[in-house]
Structure formats: structure tokens, C-alpha cells
Amino acid sequence: MTTLYTAKKYAVPALERACVEFLKRNLSSDNAFMLLTQARLFDEPQLASLCLETIDKNTSEAIMADGFTDIDNDTLCVVLERDTLGIRECKLFAAVCRWSEAECARRNLAQSSEHQRSVLGRALSLIRFPLMNVEEFAQGAAQSGLLQDREVVQLFLYFTVNPKPQISFLDVPRCCLTGKEQVVSRFCQIESRWGYSGTSDRIRFMVNRRIFVVGFGLYGSIHGPTEYQVNIQVIQSDSLKVMGQNDTTFQCDGTNNTFRVMFKEPVEILPNISYTACATLKGPDSYYGAKGLRKVTHESVSGGKVTFQFTYASGNNNGTSVEDGQIPEIIFYT
């Protein structure tokens, strides 16, 4: 970096290019934040862009590296604004807390939540608290002292009531996936009517290669435009571990189209393992799918095929089966 500084100062473009190429070759999650700060300082946008890509792909490792707590506030904000970080928001918040402690030490300020909030400035507003689940928020951010009481109450209301109140923090999912969103449909026909009494519609599925599920397509009301309350989950069938879930609402327009309901972040689905797609709807009778397919092979846009195998989820499933029911679509990336 010092050689690059010298090459720029004395206008030696060949040496400048050689330095940048060397840095690119040696870029890793361990030094990505250190190099990002320097790339921004020396106005090297191409190198800065590569650093950000590396951070996107290896966010957990990058924020644990020594260089993370040394970055300046502007660089921290640039990173926190990204939609493409591959990390849970509670872990990102913990890392930002570590950065604020280091910044207080640099400024010779006593370690206190007031000083930490002050040195973070705009960076705190870039944490997407709504992407946490209520347990993560309660155990971490709510007790950190960095949020004002009003903000804590506002966020607890966001997690627990419907319709959700307006909040001052962004709720756009962070997703490190590139490529094109894809949809697999499991029914050949649409019928009416399907009722809801608090029981979850469930269907088991298995795929032949790794994918990331980002949401479901669900049927809406046969009685015209309506809002449904819904909880969606992906559960590993054998261990019953919840891999991803979201409590939300969706609007339908009275047609027999499907309506998208998305997870807060992508759910990794490993090949040849059984998972259960689960949707608990609260609302009027809806359309439902019929003539269901047990096996659907989807031509992936990135090349290759993804084969979905659907099987009956025994127990309480509100009547949904391979042949008919809800959860007509799984939305995913490869």
C-alpha cells in the first residue's frame, strides 16, 4: 500500500498498476477490510469493488478479522448499506458493537452506550433490526443500551403485532445470492375452495442439488381482494429444526394467481435431505391446487437441472398433500 501511495504521488502509472494487481491477487477475507479502507483512501474504485465482493461472499470471516475494527465510519456505512452481505443481522450488530468500542478507545472516550451510539452516528440506523427474530433482538440489541427506549418498543411491536407499525429501520433482506430467481410449480390445475382453521398446510420436499429457498407462492381468496396473515417455515423433516421462518401478511386480488410470501433471508437446502414447507394462513377460503406432481424437474437458468420430489407430510397438514392443497410454488435460487 505504501508503494502504491508513492507510485500515485510521483505519477508512475506502470508501478501503480503493478501494485493494484498484486493487491488483487492477495485479497482475502482476512485483509478485505484493511484493503477496502486503503482503496477508498487512494481512490482505487476497482480494488474497492473487489474488496466489497470478497466481504459479501465471506462476511462472517471478514468481520472477525483484525482489520474490521480499524475501518473509518464512512467505510463502515458503505458496507452496512449493502443488500448483499451474507450474514445474520444479529451477528452483524455484534460486530458493529465491537467496532464502536474500538472507536471509543481511539477517541479516548469512556466505554459507555451513549458514547458508542455517538461514534456510530448514521451507521446505527443502517442495521436492519427487523431482519432479526424476536429472540435475537431481545437477547442482543434490546439490551445493548445503543437503542433508545422508543426504538426498542417500536421494534418489539414490529415483531409481535399485525399490521406492523412503521419503523425507522430498513427491513429489506440482505441476500448474497447472484443469478436469477426461479420458481417451481407443483400443480397442473386450480380449484376452489380451501379453508383455514389455524392448522398449517405442509408438504415435504427433497432436491438433488443445493439451492436457496427465498419464499413460497401461495393461493389467495376466492372472495375478492383480501389480506391474509401468514407464518411460513422450512423445517428439516427428521430433526424438526426450523431452518427459516417469517410472520407476515400478503395481499391478494381475488384472482387464482399465486402471491409471493418471502423469507427474511435465504434458506439453504442441501441435496437428498427431506425438508417440510409449511404455511399457516389466517383468512377466508382460498383457491387450491389439484393434479399435483410427485416429481418436477426444473431447468436451471445457471445450467443443469434441479429435481424436486414432493411427498406427503403426515400429521396436521390442513389436508395439503402431493395431489392437492396449498403451497403451489417454491421460489429459489441455485
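Look a little higher up for the structure.
Residues numbered from 1 in each chain as written. Predicted model: local features only at pLDDT ≥ 70, side-chain atom pairs only at ≥ 80, totals over all residues. Heavy atoms only, no water.

A. The arrangement of the pattern of salt bridges in detail. What the rule picks out here adds up to 16 salt bridges. Between Glu44 and Lys8 there is a salt bridge, with its nearest N and O atoms 3.1 Å apart. With Glu44 in the loop between helix H3 (32–41) and helix H4 (45–57) and Lys8 in helix H1 (residues 2–9), this pair connects stretches of sequence that are 36 residues apart. Close ionic contact of Arg128 with Asp83 constitutes a salt bridge, the shortest N to O distance being 2.7 Å. Residue Arg128 is located in the loop between helix H9 (122–125) and helix H10 (134–139), and its partner Asp83 is located in the loop between helix H6 (73–80) and helix H7 (89–106); the two are separated by 45 residues in the primary sequence. Since its relative accessible area comes to 2%, Arg128 is described here as buried. (Salt bridge = Lys/Arg side-chain N within 4 Å of Asp/Glu carboxyl O. Helix = DSSP H or I, 4+ residues; strand = E, 2+ residues; numbered from the N terminus. Buried < 20%, exposed > 50% of the residue type's maximum accessible area, 1.4 Å probe, protein only.)

B. Layout of the layout of surface pockets. Looking at the largest pocket, its volume works out to about 980 Å³. In terms of lining, the largest pocket is formed by 36 residues, of which the most central are Arg88, Met243, Gly244, Glu265 and Pro266. For the lining of the largest pocket, the residue count by class is 18 nonpolar, seven polar and 11 charged. Space inside the second largest pocket adds up to approximately 280 Å³. Those elements giving two or more residues to the lining of the second largest pocket turn out to be strand S6 (242–253) and strand S7 (258–269). Split by residue class, the lining of the second largest pocket holds seven nonpolar, two polar and four charged. (1 Å grid on protein atoms, 1.4 Å probe; cavity = no way out; pocket = protein on both sides within 12 Å on 5 of 7 lines; lining within 4 Å. Points joined across faces, edges and corners; volume = space filled by probe spheres on them. Nonpolar A, V, L, I, M, F, W, Y, C, P; charged D, E, K, R; others polar.)

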